[in-house]
Amino acid sequence: MFMILRFFYNPSLEISPLPCYLASILFFKKIQNSEMLMKIACLLSSPRKNGNSSYLAKRICEKASAQGAEVQYFNLNTLNYKGCQACMACKSGSEKCVIPDDLANVLDSAAEADLLLLATPVYFGDISAQLKAFVDRTFSYIVPDFYFSDIKSRLKPGKKLLFVLTQGHEDK
């Protein structure tokens, strides 16, 4: 299951908790119909610690936690890490990324989680640089012979992704 929540923000107004609350109800009703979540890895990728995307992601995770989910938060902007170095160690001898930095724990938690929540502001039509570096490092989740293999991923089947995007300008 993959769901994208996109909220528009008017800088002259405060964020209303209503859209976030309604979105979290909608999302967790879908989840409850299939299975109960146990672990959530929530990656906050805004350079602003209490920015809009972080605010919305935290409200959603509070709702999940109230329903019994275990939530781990990671503020990517406070971590010291590199993007993928194209060393290919994850394809030749290691089952995971071998770069010894702060992102190693995040990658492990994301792999173990039942749901991965990625929260990011939209900058210049794209995700934040902090999240892009994480996404590049998830190359380690792909099996070495993914071009030819029926099983493409090292992740357990059934993982869910929730992508929360915020932007300060309306779509046109």
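Please read these numbers as outputs of a predicted model, since none were measured by experiment.

Novice: Looking at this structure, how should I read helix H2 (residues 52-66)?
Specialist: An α-helical turn contains 3.6 residues, so any two residues separated by three or four positions project in the same direction. Its 15 residues give H2 an end-to-end C-alpha distance of 21 Å, which sits within 8% of 21 Å, the value for a rise of 1.5 Å per residue. Considered for burial, the residues of H2 that qualify are Asn52, Ser53, Ser54, Leu56, Ala57, Ile60, Cys61 and Ala64. A positive phi of about 105° marks Gly68, the residue just after H2.

Novice: Whenever I open this one, the layout of surface pockets confuses me. Can you help?
Specialist: Over the atoms, a rolled probe matching the size of one water molecule traces out where space is still vacant. What the largest pocket holds in volume is close to 220 Å³. Ala110, Leu116, Leu118, Phe134, Val135, Thr138, Tyr141, Leu155, Lys159, Lys160, Leu161 and Phe163 together form the lining of the largest pocket. At the level of elements, strand S4 (115-121), helix H4 (129-137) and strand S5 (160-167) are the ones that each hand at least two residues to the lining of the largest pocket. Considering every element that reaches the lining of the largest pocket, the biggest residue donor is S5, with three residues. Looking at the lining of the largest pocket, its residues break down into nine nonpolar, one polar and two charged.

Novice: Before we go on, may I ask you to explain empty space enclosed by the protein in this structure?
Specialist: Applying the stated rule across the entire model yields two cavities of 30 Å³ or more. What lines the largest cavity is a set of 14 residues, and nearest its centre among them are Cys84, Cys87, Met88, Cys90 and Cys97. Of the residues that constitute the lining of the largest cavity, the class distribution is 10 nonpolar, two polar and two charged.

Novice: What is the right way to look at the packing of helix H3 (residues 103-112) against H4 in this model?
Specialist: Two measures define how a pair of helices packs: the angle their axes make with one another and the distance between the axes. The N-to-C vectors of H3 and H4 enclose an angle of 65°; their axes lie 11 Å apart at closest approach. Taken together, H3 and H4 sit at an angle that is classed as roughly perpendicular. When you trace H3 past H4, the crossing you get is right-handed. Residues Leu103, Ala104, Val106, Leu107 and Ala110 of H3 pack against Ala133, Phe134 and Arg137 of H4. Classifying every residue of the contact of H3 with H4 gives seven nonpolar, no polar and one charged.

Novice: I would appreciate a short explanation of the pairing of strand S2 (residues 39-44) in the present structure.
Specialist: Looking down a regular strand, the side chains alternate between one sheet face and the other. With five of six residues buried, S2 is to be regarded as a mostly interior element. Inspection of the sheet shows S2 paired to strand S3 (residues 70-75) by six bridges, in the parallel sense. Counted as the bridge partner of Leu44 is Asn75 from S3. What joins S2 to S3 is H2, and the crossover it makes is right-handed. With five bridges connecting them, S2 and S4 associate as parallel partners.

Novice: Mind showing me how you'd approach the nonpolar core here?
Specialist: The nonpolar side chains of a soluble globular protein tend to be buried with one another. Among the nonpolar cores identified, the biggest contains 22 residues, and Leu43, Leu76 and Phe134 are the most heavily contacted of them. Broken down by secondary-structure element, the contributors of at least two residues to this core are S2, H3, S4, H4 and S5. Ranked by residue count, the leading element in this core is H3, at four residues. Setting aside anything within four residues of it in sequence, one finds Phe134 in contact with Leu43, Leu76, Tyr81, Leu103, Val106, Leu107, Ala110, Leu116 and Leu118. Listed in part, the 14 residues of the second largest apolar core include Ala64, Leu115, Leu117 and Val164.

Novice: What exactly am I supposed to notice about unusual backbone geometry here?
Specialist: Positioned with a positive phi, Ala86 is a non-glycine residue whose angle comes to about 55°. Turning to its location among the elements, Ala86 is positioned in the loop between S3 and H3. Judged by relative accessible area, which is 58%, Ala86 ranks as exposed. Here Phe124, not a glycine, exhibits a phi torsion of approximately 50°, which is positive.

Each value, and the rule that gives it
Residues numbered from 1 in each chain as written. Predicted model: local features only at pLDDT ≥ 70, side-chain atom pairs only at ≥ 80, totals over all residues. Heavy atoms only, no water. Helix = DSSP H or I, 4+ residues; strand = E, 2+ residues; numbered from the N terminus. Expected span 1.5 Å × (residues − 1). Buried < 20%, exposed > 50% of the residue type's maximum accessible area, 1.4 Å probe, protein only. 1 Å grid on protein atoms, 1.4 Å probe; cavity = no way out; pocket = protein on both sides within 12 Å on 5 of 7 lines; lining within 4 Å. Points joined across faces, edges and corners; volume = space filled by probe spheres on them. Nonpolar A, V, L, I, M, F, W, Y, C, P; charged D, E, K, R; others polar. Axes fitted to C-alpha atoms, helices over the stretch in contact; angles between N-to-C directions. Parallel < 35°, antiparallel > 145°, perpendicular 65-115°, else oblique. Left-handed = near helix turned anticlockwise from the far one by under 90°. Contact = heavy atoms within 4.5 Å. Pairing = 2+ DSSP bridges. Right-handed = clockwise from strand over helix to strand, strands pointing away. Core = buried A, V, L, I, M, F, W, Y, C linked by side-chain atoms within 4.5 Å.

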